[in-house]
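These are the residues of each chain, in order.
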There are 2 protein chains.
Amino acid sequence: MDSATTHERLAQFRRMCREHGLVATVQRQAVFETLLEREDHPTVDQVYERLAERVPGISRTTAYRILDTFARLGLVTRICHPGSAARFDPKIGRHHHLFCVSCERIIDIEDDRLDRIQWPDVSACGFEIQGFDVHFHGLCADCRSRQGKKGGGAVRPSKQPKARKSVPRNRSSNLPRRTKP
Amino acid sequence: MDSATTHERLAQFRRMCREHGLVATVQRQAVFETLLEREDHPTVDQVYERLAERVPGISRTTAYRILDTFARLGLVTRICHPGSAARFDPKIGRHHHLFCVSCERIIDIEDDRLDRIQWPDVSACGFEIQGFDVHFHGLCADCRSRQGKKGGGAVRPSKQPKARKSVPRNRSSNLPRRTKP
DNA sequence: CCCTCCGTTGGTACATATTACCATCACGGC
DNA sequence: GCCGTGATGGTAATATGTACCAACGGAGGG
């Protein structure tokens, strides 16, 4: 359907690697493409799951490493959030976030007025501000209706159970690629 | 020196427990006091280290548990940040944060203009906003000068090494309290 | 002051998240 | 095609956080 776009992406990817002095490996390209097609804020594992389909045998370690590299280069943002697993934001432009305190969902919002807030004077402490975003916290629609039905008295908003499949790490061990016969 | 203040704190602590239906244990009081005297944004382990001095034999599990309880009651805030270990903010009033992308330091700032930003209209997605704070990211004074000296070309701003002592968990095992003789 | 009860703690074991390490590999310049 | 260097895969180790349960102890009643 969009082989032209695919071509563009590939060119964009190679250009980017050139600029930053990175080797353009298939693994990095797969991460790049996986991020491009996401609208949410995936964890490393969520990215890895998709990667495993594109590049059979890819290692979880590699997913961590590439996401870290991309984050350091500013191609993706490591999101500020109170959960336990790191989450990444493929969207680069200025935008802000809603955090559901109950299910930990993160929702992007855009708002010109927020973009234009005046930066505080932090010269006193010597900090150099590079950017910002505004965090709103509260309840998402789902959690709101769920809580409404139960009477709403919950002092302890129960966290959604962790979703990671209980597969022993690096399940790709059954297709060994390294042992040269 | 400030035994009057100490007295006040104790009263404040007991009142607080009463209000929330919590038992006023020495462990909870120690956490309460440890948080009061901190100006930074400690991890559980940093709180635990201080606790271990006040209450010999206290368990790391207890530190996690009490901080969680306090956070749920709003006595302390679980900070949104991009690092891996949860960090807590003893300061409750409205304020905002500077995040150093290099050393992960978190600095409080206060600014009336930021407090007054207008909340966006999120009725479309059904989200209920309860509060907000503004995240600025950049480089703290220390990291700025450190980077300046090196020529500033660092593509990979190196994270400070983790500081946790390599003591096997719950080192207090050598003073058993539970086995009643 | 003692007793009893239920909320709390300590400690182990486990679950999850991330990193260190190193042998092996493959991208890209020649 | 060949080589050197940077990247990957996999294991082991470290970090961080939670479940569980027996033992404890704060607080109210006797």
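Residues numbered from 1 in each chain as written. Chains lettered and ligands numbered in written order. Predicted model: local features only at pLDDT ≥ 70, side-chain atom pairs only at ≥ 80, totals over all residues. Heavy atoms only, no water.

## Remarks on the overall build of chain A
When helices and strands are counted, chain A shows 6 helices and 5 strands. Of the regular secondary structure in chain A, the N- to C-terminal order runs α-α-α-α-β-β-β-β-α-β-α. In chain A, which comprises 181 residues, the proportion classed as buried is 38%. In chain A, the share of contacts with a sequence separation of at least 24, taken over all contacts with a separation of at least 6, comes to 47%. For chain A, the exposed surface amounts to about 11,100 Å²; the carbon and sulfur share of it is 50%. (Helix = DSSP H or I, 4+ residues; strand = E, 2+ residues; numbered from the N terminus. Buried < 20%, exposed > 50% of the residue type's maximum accessible area, 1.4 Å probe, protein only. Contact = heavy atoms within 4.5 Å. Areas by Shrake-Rupley, 256 points an atom, 1.4 Å probe, with all protein chains shown as cover.)

## Some details on the confidence of the model for chain A
When pLDDT is low, close inspection of the predicted coordinates is not appropriate. All names here are of chain A. Confidence along chain A averages 82 in pLDDT terms, with 79% of residues attaining 70 or more. Across chain A, the element-wise mean pLDDT spans from 77 in helix α6 (residues 141-150) up to 97 in helix α2 (residues 26-36). Considering only residues more than four positions removed or in separate chains, one finds that residues 151-181, a stretch of pLDDT under 50, has 26 contacts. (pLDDT = per-residue confidence, 0-100.)

## Looking at the domain arrangement of chain A
Residues and elements named next belong to chain A. According to the domain assignment, chain A contains domain 1 (1-89) and domain 2 (93-153). Taking only C-alpha atoms into account, the centre of domain 1 sits 24 Å from that of domain 2. Listed per partner, the contact involves 8 residues of domain 1 and 7 residues of domain 2. Summed over both partners, the interface of domain 1 with domain 2 buries about 600 Å², with 52% contributed by carbon and sulfur atoms. For the interface between domain 1 and domain 2, the tally reads 0 salt bridges. Viewed at the interface, domain 2 and domain 1 are joined by 6 residue pairs in polar contact (both at pLDDT 80 or more). Split into classes, the residues belonging to the side of domain 1 that touches domain 2 amount to 2 nonpolar, 3 polar and 3 charged. (Domains from an automatic or database assignment. Buried area = accessible area lost by both parts, 1.4 Å probe. Salt bridge = Lys/Arg side-chain N within 4 Å of Asp/Glu carboxyl O. Polar contact = N/O pair within 3.5 Å; in protein donor to acceptor, adjacent residues only side chain to side chain. Nonpolar A, V, L, I, M, F, W, Y, C, P; charged D, E, K, R; others polar.)

## Some words on the interface of chain B and chain A
Every contact between the two is made by 45 residues of chain B and, on the other side, 45 residues of chain A. Across the interface of chain B and chain A, roughly 3,900 Å² is buried in total on both sides, 61% from carbon and sulfur atoms. Taken together, the links from chain B to chain A amount to 2 salt bridges. Among the salt bridges present, the one from Glu128 of chain A reaches Arg144 of chain B, with a minimum N-O distance of 3.9 Å. There are 14 residue pairs in polar contact (both at pLDDT 80 or more) connecting chain B and chain A. Those elements that place two or more of their residues in the side of chain B that touches chain A are α4 (60-73), β3 (96-100), β4 (106-109), α5 (112-115), β5 (128-139) and α6 (141-149) of chain B. When residues of the side of chain B that touches chain A are assigned to their parent elements, the largest contribution, 12 residues, is made by β5 of chain B.

## Things to note about the packing of aromatic side chains
Think of a pair of aromatic rings as described by two things: how far the centres are apart, and how the planes are tilted against each other in angle. Residues and elements named next belong to chain A. On inspection of all chains with the given rule, the structure shows 6 aromatic pairs over all chains. Ring geometry for Trp119 versus Phe132: centroids 6.2 Å apart, planes at 75 degrees, classification edge-to-face. Of the two residues, Trp119 is situated in the loop between α5 (112-115) and β5 (128-139) and Phe132 in strand β5; the sequence distance between them amounts to 13 residues. The exposure class of Trp119 is partly exposed, given its relative accessible area of 37%. (Phe/Tyr/Trp six-rings, centres within 6.5 Å; stacked < 30°, edge-to-face > 60°.)

## Looking at the relation of the copies chain B and chain A
Superposing chain B onto chain A requires a rotation of 177 degrees together with a translation of 0.1 Å along the rotation axis, leaving an RMSD of 0.5 Å. The superposition of one copy onto the other is thereby described by a two-fold rotation axis. Proximity to the rotation axis, assessed at the C-alpha, singles out Val134 of chain B in chain B; its C-alpha lies 2.2 Å from the axis. When the interface residues of chain B are mapped onto chain A, 98% of them again lie at the interface, so the same face is used by both copies. (Least-squares fit on C-alpha atoms with pLDDT ≥ 70 in both.)

## A few points about the pattern of salt bridges
All names here are of chain A. Here the structure, examined in full by the defined rule, presents 26 salt bridges over all chains. Ionic pairing is found between Glu37 and Arg50, a salt bridge with its closest N-O pair at 2.9 Å. In this pair, Glu37 is assigned in the loop between α2 and α3 (44-54) and Arg50 in helix α3, connecting sequence segments 13 residues apart. You can call Arg50 partly exposed: its relative accessible area is 27%.

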